[in-house]
Amino acid sequence: MKTPRVYKTDGIILRHRNLGEADKVLTIYTPRLGKLEAVAKGVRRPTSRLAGHVEVLAHASLLLAHGRNLDVVTQAQEVESSRPLWEDLERLGRAAYAAELVDRCTPDRQEHEAVYRLLLETLRRLRERDDLDLVLRYFEVQLLSLLGYRPHLDACVACGGPLQAGANAYSPAAGGAVCPACAAREAAAAPLSLNGLKVLRLFQRRPFPEAARVRLTPELGRELERHLRSSIRFILERDVRAAAFLDRLRRGQEPLPAAAALPGRGAADV
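The structure reproduced in this document is the subject of the present report. (Residues numbered from 1 in each chain as written. Predicted model: local features only at pLDDT ≥ 70, side-chain atom pairs only at ≥ 80, totals over all residues. Heavy atoms only, no water.)

Among the secondary structure elements, Tyr 138 is positioned in helix α4 (residues 132-146). The exposure class assigned to Tyr 138 is buried, which follows from its relative accessible area of 6%. C-alpha separation for the pair Tyr 138 and Pro 207, spaced 69 residues apart in sequence, amounts to 9.5 Å. In contact with Tyr 138, not counting residues within four places along its chain, are Arg 125, Phe 203, Arg 206, Pro 207, Phe 208 and Ala 211. For Tyr 138, the side chain forms a polar contact with the main-chain nitrogen of Phe 208, separated by 3.1 Å. (Helix = DSSP H or I, 4+ residues; strand = E, 2+ residues; numbered from the N terminus. Buried < 20%, exposed > 50% of the residue type's maximum accessible area, 1.4 Å probe, protein only. Contact = heavy atoms within 4.5 Å. Polar contact = N/O pair within 3.5 Å; in protein donor to acceptor, adjacent residues only side chain to side chain.)

Given below as structure tokens:
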């Protein structure tokens, strides 16, 4: 059967880059086709009908046509407004981080509907909820599991022995929690509190409504962030760019322009 020239899909716009004088190349994460790139022609012109529907972080219904090198977006309609994210730097920074993480961790054209659903639900929670760090930590734990990087938390990942209620540690290189004896042989291991271990296990095993009942104190939140970011850095062999934007916000420093939080946006695009 001949492949249809035009096809329809929902998608989340992860990033975009300028092409020529008026076009943009969009990186889109879809439920059935995975991550793909497509050209939005003329979208940078003031009269473009696509412009308001294909911004970064938008959840849109898209009509695309197969092209010789890149597919072409012929129609787009935003499904859920991304405006609440753009109007709040705290929400925007976390949403950009989630989008960038999915982009960096996933290959092109490989279907993974569970990742799509997780990102979609995370962006929705970041629009609607106030416990933004809990939303982001849950997203990180779930994404690592879906992509095959699930941290081992049930026993010491190094020796297989039980984890006691005492001074355990977390090792990104080993792939999870380690007992005190093995922690001494793990150069990058960092202390893992009992509460930190319990919350990581909860985030791995339970749906979000149950996980959201946890109260993350600032100290516990920072601990979880350190451990999960260390795992992500180990897997990607680099930091997520949007993490620096979040760090500046947390330190109360003058934030970079909002667009600098977005993956794929450099100074020339701001």
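The buried fraction of strand β4 (residues 59-65) amounts to six of the seven residues, a majority that puts the element mostly inside the structure. With seven bridges joining them, strand β1 (residues 6-19) and β4 adopt antiparallel strand pairing. Bridge pairing links Ile 12 to His 59 in β4. Where β4 lies against strand β5 (residues 71-80), seven bridges are found, and the strand directions are antiparallel. (Pairing = 2+ DSSP bridges.)

For the coordinates displayed, the defined rule picks out 25 salt bridges. The salt bridge partner of Asp 247 is Arg 250, with a shortest N-O separation of 3.2 Å. Taken together, the residues span about one helical turn, with Asp 247 and Arg 250 both in helix α9 (residues 241-251) at a distance of three residues. A relative accessible area of 19% means that Asp 247 is categorised as buried. The exposure class assigned to Arg 250 is partly exposed, which follows from its relative accessible area of 40%. The network of salt bridges with common partners includes Arg 15, Lys 35, Asp 103 and Asp 108. (Salt bridge = Lys/Arg side-chain N within 4 Å of Asp/Glu carboxyl O.)

Pairing of β1 with strand β2 (residues 23-30) involves seven bridges; the strand directions are antiparallel. Within the sheet, the bridge partner assigned to Ile 12 lies in β2 and is Tyr 29. As consecutive antiparallel partners, β1 and β2 are separated by three residues, and within that stretch Gly 20 has a phi angle of approximately 65°, a positive value.

To continue, consider helix α8 (residues 218-236). For α8, spanning 19 residues, the distance from its first C-alpha to its last is 26 Å, which sits close to the expected 27 Å at 1.5 Å a residue. Here α8 has its buried residues at Leu 220, Gly 221, Glu 223, Leu 224, Glu 225, His 227, Leu 228, Arg 229, Ser 230, Ser 231, Ile 232 and Leu 236. For α8, the elements touching its buried residues are α2 (89-105), α4, β6 (168-171), β8 (190-192), α6 (194-205) and α9. Among the residues trailing α8, Glu 237 stands out with phi positive, at a value near 60°. (Expected span 1.5 Å × (residues − 1).)

Looking now at the packing of aromatic side chains. Throughout the structure, instances matching the rule amount to two aromatic pairs. Joined through ring pairs, the aromatic side chains of Tyr 138, Phe 203 and Phe 208 make up one cluster. Over the aromatic face of Phe 208 sits the side chain of Arg 125, whose NZ or CZ is 4.0 Å from the ring centroid. (Phe/Tyr/Trp six-rings, centres within 6.5 Å; stacked < 30°, edge-to-face > 60°. Lys NZ or Arg CZ within 6 Å of the ring centre and 35° of its normal.)

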